[in-house]
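# Architecture and fold: a report
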Amino acid sequence: MLNAAIMAAEGTNPLIPNVWEILVTVVGFAVLLFIVIKYVMPAFEKTFAERTEAIEGGIAKAEAAQAEANAALDEYREQLTEARTEANRIREEARAEGAQILADLKARAASESARITEQAQVQIDAERQSALVSLRAEVGTLATDLASRIVGESLADDARSSRVVDRFLADLESSSQSAGAAR
């Protein structure tokens with residue numbers, strides 16, 4: 001209150017500041033502004049630039065890593081496709097080879113079967129011939145003995161006995177054939 005009374009006595013308005021106070025405040029603000037602009041702002045700008053550079057570098061590294069990962073993924077997909085194609089090709093080759101082996105085995109089995117059948121047929125024919133010769137000899141001996149008993153004469157002559165046996169067998173074969181034709 002005293003201050004207000006002193007000021008009222010001097011005739012100055014208390015709402016208007018003193019010129020010297022404004023001047024000192026403006027000079028102090030200017031000095032502070034100069035110090036901030038000269039020293040503090042460059043440090044802030046430098047820090048901001050470093051951070052911007054670090055962020056942009058990180059982004060560039062991330063983009064490069066992403067591009068590298070995409071390239072690796074594409075390469076992996078390509079290799080996977082090639083591997084599947086190769087597997088399909090190998091599978092088809094194995095099937096074809098298996099079919100070829102099976103066909104070869106069947107052909108070998110068929111030829112072996114034909115060979116065995118032919119060999120068996122030859123053996124059967126040889127045994128048949130042997131049986132016929134043996135049978136002819138035995139039948140001839142029996143026929144000669146029988147004829148000798150019936151006729152009462154000895155048929156010891158080989159030529160005569162051979163003719164008698166041949167005639168008997170021929171008659172036997174013709175009767176066998178006529179009986180087979182009648183059926």
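What comes next is a walk through the structure. (Residues numbered from 1 in each chain as written. Predicted model: local features only at pLDDT ≥ 70, side-chain atom pairs only at ≥ 80, totals over all residues. Heavy atoms only, no water.)

### Describing the packing of aromatic side chains
The way to describe two aromatic rings as a pair is by their centre distance and the angle between their planes. Note the following rule: Aromatic pairs are defined between Phe, Tyr and Trp rings, using the six-membered ring for Trp, whenever the two ring centres lie within 6.5 Å; interplanar angles under 30 degrees are classed as stacked, those over 60 as edge-to-face, and all others as tilted. Only runs of H or I of at least four residues qualify as helices and only runs of E of at least two qualify as strands under DSSP, and these elements are numbered from the N terminus.
For the coordinates displayed, the defined rule picks out 1 aromatic pair. Both rings, one in Phe44 and one in Phe48, keep their centres 6.2 Å apart while their planes meet at 20°; by these two values the pair is stacked. Here Phe44 pairs with Phe48, and both are found in helix α2 (residues 19–151), just 4 residues apart, close to one helical turn.

### Structural notes on a negative patch on the surface
Heads up, the condition is: Put simply, a patch holds well-exposed residues, over 30% relative accessible area, that have no salt bridge, with like charges counted together within 9 Å and Val, Leu, Ile, Met, Phe, Trp or Tyr side chains within 5 Å. Working definition of accessibility: Shrake-Rupley area with a 1.4 Å probe, residue cover restricted to the visible protein chains. Salt bridges are defined by distance alone: a side-chain nitrogen of Lys or Arg within 4 Å of a carboxyl oxygen of Asp or Glu. Here the positive residues are Lys and Arg and the negative ones are Asp and Glu; neither His nor the chain ends is included. Positions of charges follow a simple convention, taking NZ of Lys, CZ of Arg, CG of Asp or CD of Glu.
Taken together, Asp74, Glu75, Glu78 and Glu82 make up a surface patch of like negative charges. Following the sequence through the fold, Asp74 ends up in helix α2.

### Some words on the layout of surface pockets
What counts is decided by this rule: A cavity here means a set of points on a 1 Å grid, drawn over the protein atoms and nothing else, where a 1.4 Å probe fits but cannot get out; a pocket is an open set with protein on both sides within 12 Å along at least five of seven lines, and a residue lines either one if it has an atom within 4 Å of a point. Grid points are joined across faces, edges and corners, and a volume is the space filled by probe spheres set on the points. Here the term charged refers only to Asp, Glu, Lys and Arg, the term nonpolar to Ala, Val, Leu, Ile, Met, Phe, Trp, Tyr, Cys and Pro, and the term polar to all other amino acids, Gly among them.
Roughly 190 Å³ of volume is contained in the largest pocket. Lining the largest pocket, in full, are Leu132, Leu135, Arg136, Val139, Leu169, Leu172 and Glu173. Of all the secondary structure elements, the ones that give two or more residues to the lining of the largest pocket are α2 and α3 (158–182). Sorting elements by how many residues they give to the lining of the largest pocket places α2 first, with 4 residues. Across the lining of the largest pocket, the residue classes tally to 5 nonpolar, no polar and 2 charged.

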